[in-house]
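Residue-level structure breakdown
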Amino acid sequence: MTDLATALTGAAARGELFAHFQPQLDPETDRIVGAEALARWDHPGLGLVPPLDFITVAEQTGLIDEVGEAMVELGCAFAARIAGSGIQVAINVSALQLADATFADRFAAIAERHGVPLGELTVEITESHPVDAVPGAVEQLVRLRDGGAGIALDDFGTGYSSFKQLESLPFTELKMDQSLIRDDTDETWNRVGTLVVLARHRGMRIVAEGIETLEQYERVRAAGCDRAQGYFLGMPMPADEFVQFAAARVRTPLPRVAAPARRALAAAGIRALEDLATWTRRDLLALPGIGARTADRLIGR
Ligand code: G
Ligand code: MN
């Protein structure tokens, strides 16, 4: 065992694992409709260990079962805390955990103990290992799905997440990889459009992650994605902070007109004001020299 693996052994039982939660928004309404639980490990000697490092070690050593179960526990506790908010909690699960024939039962038992219906949870299958290579994995997913949980294929567009997996496995959600959004070309946005059509056709929800700018958010909205997640919309944050963030967001909605307005003004040779992002449609319509027709073009979708 490596030093990291030794340190990770028993980390869950010692209470060193915790979760940050990152909001997912419905681009149509800007409302927070989801929260992805992201694993964090604070070791007394090592400090905060990057999740990519310790999840990889956990998968290599079999510790992923106890780390993963701790995340189910933390995700369900948070779901119970925000019950009634309409926010679903997404919990990352490694395909390796699905090799255990009791996984679905244990997952459901933890949810039940917290009083959380499975319908308020989404299981995100990280594709570090292809699901169809793990014996019995599909059955575990089917049982959770039939119990009402969402099943998301994470990081779609990279590595193992082939169209074959998408077609043959019980996924209810397609989560596009960040790299797809980052690469901001017409070709990319065409591909996003194709994935939206594909997801629709299969009755799946489609989620875009890695949204870092308002421009990207607007393109994702225009493409018809059901959910969006990324630093622009909210960082991963501790549970307490998430609850405050969600409450504040209800009072101060996201700007919806800034980027199209900025573009249209620029096209008309007018430099956009710095605080345009805080403007509302009504403010824009009240601007001298912007008539209804112009305003329509400014805010048209
Ligand atoms: O693929 P998965 O759903 O597990 O991705 C979540 C990871 O992506 C987390 O580690 C989170 O911190 C990171 N992440 C979330 N939003 C953004 C973003 O807008 N930009 C970047 N670079 N990383 C992000
Ligand atoms: Mn994920």
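Let us look at the structure shown here. (Residues numbered from 1 in each chain as written. Chains lettered and ligands numbered in written order. Predicted model: local features only at pLDDT ≥ 70, side-chain atom pairs only at ≥ 80, totals over all residues.)

Some words on helix α8 (residues 186-201)
Helix length check: α8 (16 residues) gives 23 Å between terminal C-alpha atoms against 22 Å at 1.5 Å per residue, within 8%. Residues of α8 that are buried include every one of Val192, Leu195 and Ala199, and no others. Along α8, the residues classed as buried sweep out an arc of 60° about the axis, all on the same side. The outward face of α8, more than 90 degrees from its buried face, is lined by the exposed residues Asp186, Glu187, Asn190, Thr194 and His201. Here the buried face of α8 lies against β7 (173-176), α7 (178-182), β8 (205-209) and α9 (214-223). (Helix = DSSP H or I, 4+ residues; strand = E, 2+ residues; numbered from the N terminus. Expected span 1.5 Å × (residues − 1). Buried ≥ 20, exposed ≤ 12 C-beta atoms within 10 Å, placed from the backbone. Arc of directions from axis to C-beta. Contact = placed C-beta atoms within 7 Å.)

Considerations on the environment of Ala222
Here Ala222 is to be found in helix α9. Separated by 195 residues in the primary sequence, Ala222 and Pro27 have C-alpha atoms spaced 8.9 Å apart.

A look at the environment of Ala199
Along the chain, the position of Ala199 falls in helix α8. A tally of 23 C-beta atoms within 10 Å means that Ala199 is categorised as buried. Considered as a pair, Ala199 and Leu174 are 25 residues apart in the sequence and their alpha carbons are 6.9 Å apart. Beyond its immediate chain neighbours, meaning those up to four positions away, Ala199 contacts Leu174, Met204, Arg205 and Ile206.

Re the site of ligand 1
Neighbouring ligand 1 are 16 residues, the closest being Asp155, Gly210, Glu212, Gly230 and Tyr231. Mapped by element, the contributors of at least two residues to the shell around ligand 1 are β2 (31-43) and β6 (150-156). (Near = placed C-beta within 6 Å.)

With respect to unusual backbone geometry
For Asp30, which is not a glycine, the phi torsion comes out positive at approximately 65°. When you line up the elements, Asp30 lands in the loop between β1 (17-26) and β2. By the C-beta count within 10 Å, which is 16 here, Asp30 ends up partly exposed. Although it is not a glycine, Asp155 adopts a positive phi angle of roughly 55°. Topologically, Asp155 is positioned in strand β6. Taking the C-beta count within 10 Å as the criterion, Asp155 has 21 such neighbours and is therefore assigned buried.

Let's talk about the pairing of strand β4 (residues 88-94)
Counting buried positions along β4 yields six of seven residues, so the element is predominantly enclosed. Pairing of β2 with β4, which is carried by four bridges, proceeds in the parallel orientation. Note that in β4 the partner of Gly34 across the bridge is Gln88. Sheet analysis places β4 next to strand β5 (residues 121-126), joined by six bridges and oriented parallel. Looking at the pairing, Ala90 lines up with Thr122 of β5. Handedness of the crossover is the feature at issue here: the chain leaves β4, passes through helix α4 (residues 103-113), returns alongside β5, and the resulting connection is right-handed. (Pairing = 2+ DSSP bridges. Right-handed = clockwise from strand over helix to strand, strands pointing away.)

Quick word on the pairing of β7
Neither face of β7 is open: one carries Glu173 and Lys175, the other Leu174 and Met176, and all of them are buried. Direction of pairing for β6 relative to β7: parallel, over a ladder of three bridges. For Leu153, the partnering residue across the bridge sits in β7 and is Leu174. Pairing geometry for β7 and β8, over four bridges, is parallel. Paired with Glu173 across the bridge in β8 is Arg205.

Thoughts on the packing of α4 against helix α5 (residues 137-146)
To describe two helices that pack against each other, one gives the angle between their axes and the distance between the axes. At a minimum axis distance of 8 Å, the contact between α4 and α5 shows a crossing angle of 30°. Between α4 and α5, the crossing angle belongs to the class labelled roughly parallel. Here Phe103, Ala104 and Phe107 of α4 come into contact with α5, specifically with Gln140, Arg143 and Leu144. Here the contact of α4 with α5 is composed, by residue class, of four nonpolar, one polar and one charged. (Axes fitted to C-alpha atoms, helices over the stretch in contact; angles between N-to-C directions. Parallel < 35°, antiparallel > 145°, perpendicular 65-115°, else oblique. Nonpolar A, V, L, I, M, F, W, Y, C, P; charged D, E, K, R; others polar.)

Side note on α9
Restricting attention to buried positions, one finds in α9 the residues Gln216, Tyr217, Arg219, Val220 and Ala223. The arc enclosing the buried residues of α9, seen along the axis, measures out at 165°, which places them on a common side. Looking at the buried positions of α9, the neighbouring elements they touch are α7, α8, β8 and β9 (227-229). Trailing α9 by a residue or two, Gly224 shows a phi angle of about 90°, which is positive.

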